[in-house]
Amino acid sequence: MVDIVTSRMFEAVNRFAPVPKQQGDSLSTINDLKRFSSDQRYKRILNRESEAKAREAQLYDIKENVPPISNIKTRPLMGLTCYSCAPVSRDSLVNQSTKNLGLKNILNEYPAIRKKGVLTRTFAHFTQCYEATSYNYAYVDSSILEEERVKLAIEKTTAKQVEESNRWEEEYCEQLLVQNERRAKKLFKDMQSSMSDLLFKLTSWVLYKLLPCFLSSIVVHSGQVKMIKEAGQTGLPLIFLPLHRSHLDYIMISFILFNNNIQCPLIAAGDNLRMPIFGSLLRGLGAFYIRRRLDPVLGQKDYVYKAILHSYMNAGLRAGHNVEFFLEGGRTRTGKPLMPKYGIFSVILDSLMDGTIEDALLVPVSINYEKLVDGNFIREQLGQPKKMETFRSTMRSIWHVLNSNYGMARIDLNQPISLRELMKTFNNGKVQNQVFPKSLRTNPSNSSLYGTDVVSDEYKYLVEKISKHVLYDGARSTSVMSTNAVAYLLLRQFRKGATLDELVAALDELRVDLDNKQKDVGFSGSSRDAILYAVDMLGVSLIKKEVIDDKFFITPDTSLPNVIELNYYSNILVNYYCLEAVIATALNCMDTELGEVSEDELVEGCLDICNLLQYEFIFCKPCQDLEGAIRDCIETLTIYKEIFTPINVDTIEAQKGRKLAEQFFDEDELDYTVAKQLKINDNESVNDYLLFTSSLLAPLIESYSVTAFCMDKLIGQPLPESVLIMETLDEMKEQLGTGSIYFDESVSSDSVKNALKLFQTWDIVECQSEGKHRKFNLKPSHNNHDSIRTLASRIDKYRTGVVSLE
């Protein structure tokens, strides 16, 4: 019985035991069972030893053979200042470690937090705002009304009023004096800011909650933040000069500064923002309100307002405040930077000249968004008047923004520049720069503070040069977003649409070119993913996606009004390539049948185009000679794009003639130059590049051409500005319908206004103000059809080659 039970147990064990397949015999005895168990134990020991040896061998291999490490490409540090103008500033505040610092999303950064813990991680936003550095923001009080400048302005205004009224009674004079003093107090009250550290902390906490609702990230370069921190410790006021794209700009800058423990600035805000609730909130965040424009007639006499503004800013600088204002004045409606307004900057310069401050550090700031937050300005570009902000419209806009997706925002804080160093540079080079016959001098607005004698004529040269340099630096340090790149390629290179593969190849090429120019892009990853993301971000109203013959096809909407918004995104890159576009446009308009051109003739054509578009772009740094910049660009195109090949025109006869001349004349008396000829590369890729690049300026040239054509409406009669602009835009739409012009984005009120400014500069038209309205009329010497036809033909010659884009 025992044997039977034992045998059955052995059979059961044998059936479930993990033995090799060849071991099929049953374990019928206890000795067999012991032997089986010993074999299994020995196998497990051998397996453990072999596994241990294998692990050791792998470990030694890792130790002895260092795995390859791929080089991580660092982002370029954008916004370094000009070596020519400010070499001392260029070498300060920056080193190799600063350049190697990377980008960071400020929404996920909490630099003020000192201790890490469970509560800190749970309430990170609150802790960050609570522990941020507190500043004792000095309050600019009404004592500025007692300053000599303000008292003299009140007395001067009173004297003018008495003289105009021709009433000299003492009682009447006293009455006017009291009225002007009351007005001065009201102007100060309307202007003053009331910065509050507590409000900064509270607002920062709210923004940490609200900004992620519509922005995926707010990206800054850590090296740039480090430079601004160190600059803030010098004791000199920081003057932040951002490019103006959105009402969100000043909020974003203060948010970044506050959360990186940098003192927030006083902000010059337009008086259109002085609304209930919001106006008071902005005051607490540093806003002081100024008039956007001064009447060109009454503004000259408003000595009181100018004195209050001047004294208020001086008091703020003396108290140690940083200052922020927009050199462009208002927001750009086209995506291109506007020409600078000089009023506020002239006050800063005057504060330095009169010893109020020892020096100031200028900080250009460039801001870009993947999608424009404030709307697309289509109404205004089509000639409709701007709608003034109201409390209701502001609330509606905020609600719309919070329920939308605007992608990423990128803020680049440029290297601080010493204002005193810039003044010294331009003062020393003033005479030298004035001898350049090819320099472009734009006329300031008569309705700006600058145009109404806030600054003396002695300093106007410095104000203009430094302002344009700062604006140029800010524009050239703007990071390119994926939406900018895709809009640029679709509007300028693939206007009829392209496959996804074609767009990917073009974007790869563009990224390499931007990298060679030391420009940063605001996106990463593969070009394919960047394109698909940008197409979704821009939306179906601007870009259409469809599958044709199993290929993904992308087509831009190039018709009004959507093309205006798409052109806004594209213009960020047009600003980078404007000088190359000038050369390509001038070349397309020259006689190239022999396959070569004279470099001097090409440069002359380029200078004429730059003169034509002087209100659209700042083509080179103000410390540069424009002609020299054009020749440098031609050389760059020759080397990197192989557009030209220099031809040796120094023939044997020319050499003999020069040697003969040297025998009869001293070297100082010889003045001969050899005309340099450029051979045009007839490669198909070069022709495509020239056509593509010249198309960058084609919409502007078309707009200027039609505006010149419409000047015949002024023959014999003046027209209000609004009427003239609307009639010009209507003419553009009509010519679009007939095919006389090709680009729908030519229909732009900003281009028409700039063209009218140009014609004023050329002394063809003049503008007269009547209250808040302006009228244009032709100068007597141009008040005829022949003169208008000559003007139109001067511009029309640069439209050559546009039709071939079809």
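Residues numbered from 1 in each chain as written. Predicted model: local features only at pLDDT ≥ 70, side-chain atom pairs only at ≥ 80, totals over all residues. Heavy atoms only, no water.

Draft legend 1. Fine view of the nonpolar core. Counting residues in each nonpolar core, the largest one holds 116 residues, and the members touching the most others are L602, I630 and F759. Broken down by element, the residue count for this core peaks at eight residues, all from helix α25 (residues 578-588). With residues up to four places along the chain from it excluded, the contact list for F759 reads Y704, T707, A708, M711, I764, V765, L791 and I795. Judged by nonpolar contacts, the second largest core, of 94 residues, contains F188, F214, L349 and Y459. (Core = buried A, V, L, I, M, F, W, Y, C linked by side-chain atoms within 4.5 Å. Buried < 20%, exposed > 50% of the residue type's maximum accessible area, 1.4 Å probe, protein only. Helix = DSSP H or I, 4+ residues; strand = E, 2+ residues; numbered from the N terminus. Contact = heavy atoms within 4.5 Å.)

Draft legend 2. Region of the structure containing a nonpolar patch on the surface. The grouping of L119, F123, F126, Y130, L202, W205, V206 and L210 at the surface amounts to a nonpolar patch, some 840 Å² of accessible area in total. Contributions of two or more residues to the nonpolar patch are made by α6 (124-131) and α9 (197-214). Counting residues per element, the nonpolar patch draws most heavily on α9, at four residues. Inspection of the secondary structure assignment puts W205 in helix α9. Judged by relative accessible area, which is 34%, W205 ranks as partly exposed. (Patch = residues over 30% accessible without salt bridge, like charges linked within 9 Å, V, L, I, M, F, W, Y side chains within 5 Å. Areas by Shrake-Rupley, 256 points an atom, 1.4 Å probe, with all protein chains shown as cover. Salt bridge = Lys/Arg side-chain N within 4 Å of Asp/Glu carboxyl O.)

Draft legend 3. Representation of the sheet that holds strand β14 (residues 644-647) within the structure. With antiparallel pairing, three strands are arranged side by side in an open sheet as β13-β15-β14. Since the sheet does not close on itself, it has two edges, and those belong to β13 (596-598) and β14, each with one partner. Within this sheet the neighbouring strands show an average axis-to-axis angle of 35°, counted without direction. (Pairing = 2+ DSSP bridges. Axes fitted to C-alpha atoms, helices over the stretch in contact; angles between N-to-C directions.)

Draft legend 4. Spotlight on a positive patch on the surface. On the surface, R379, K387, R392 and R396 cluster together into a patch of positive charge. With respect to the secondary-structure elements, R396 resides in helix α17 (residues 391-402). (Lys, Arg positive; Asp, Glu negative; His and termini not counted. Charge placed at Lys NZ, Arg CZ, Asp CG, Glu CD.)

Draft legend 5. The arrangement of the side chain of N322 in detail. Structurally, the position occupied by N322 is in the loop between α14 (303-318) and β6 (323-324). Among the polar contacts listed, one links the side chain of N322 to the backbone oxygen of Q263, at a separation of 3.2 Å. (Polar contact = N/O pair within 3.5 Å; in protein donor to acceptor, adjacent residues only side chain to side chain.)

Draft legend 6. Structural context of the sheet that holds strand β16 (residues 719-720). Pairing is antiparallel in the open sheet, where three strands are placed in the order β16-β18-β17. Both edges of this open sheet fall to β16 and β17 (765-770), since each of them pairs with a single strand only. Here two bridges tie β16 to strand β18 (residues 773-778), and the two strands are oriented antiparallel to one another. Bridging from a neighbouring strand, P720 pairs with K775 of β18.

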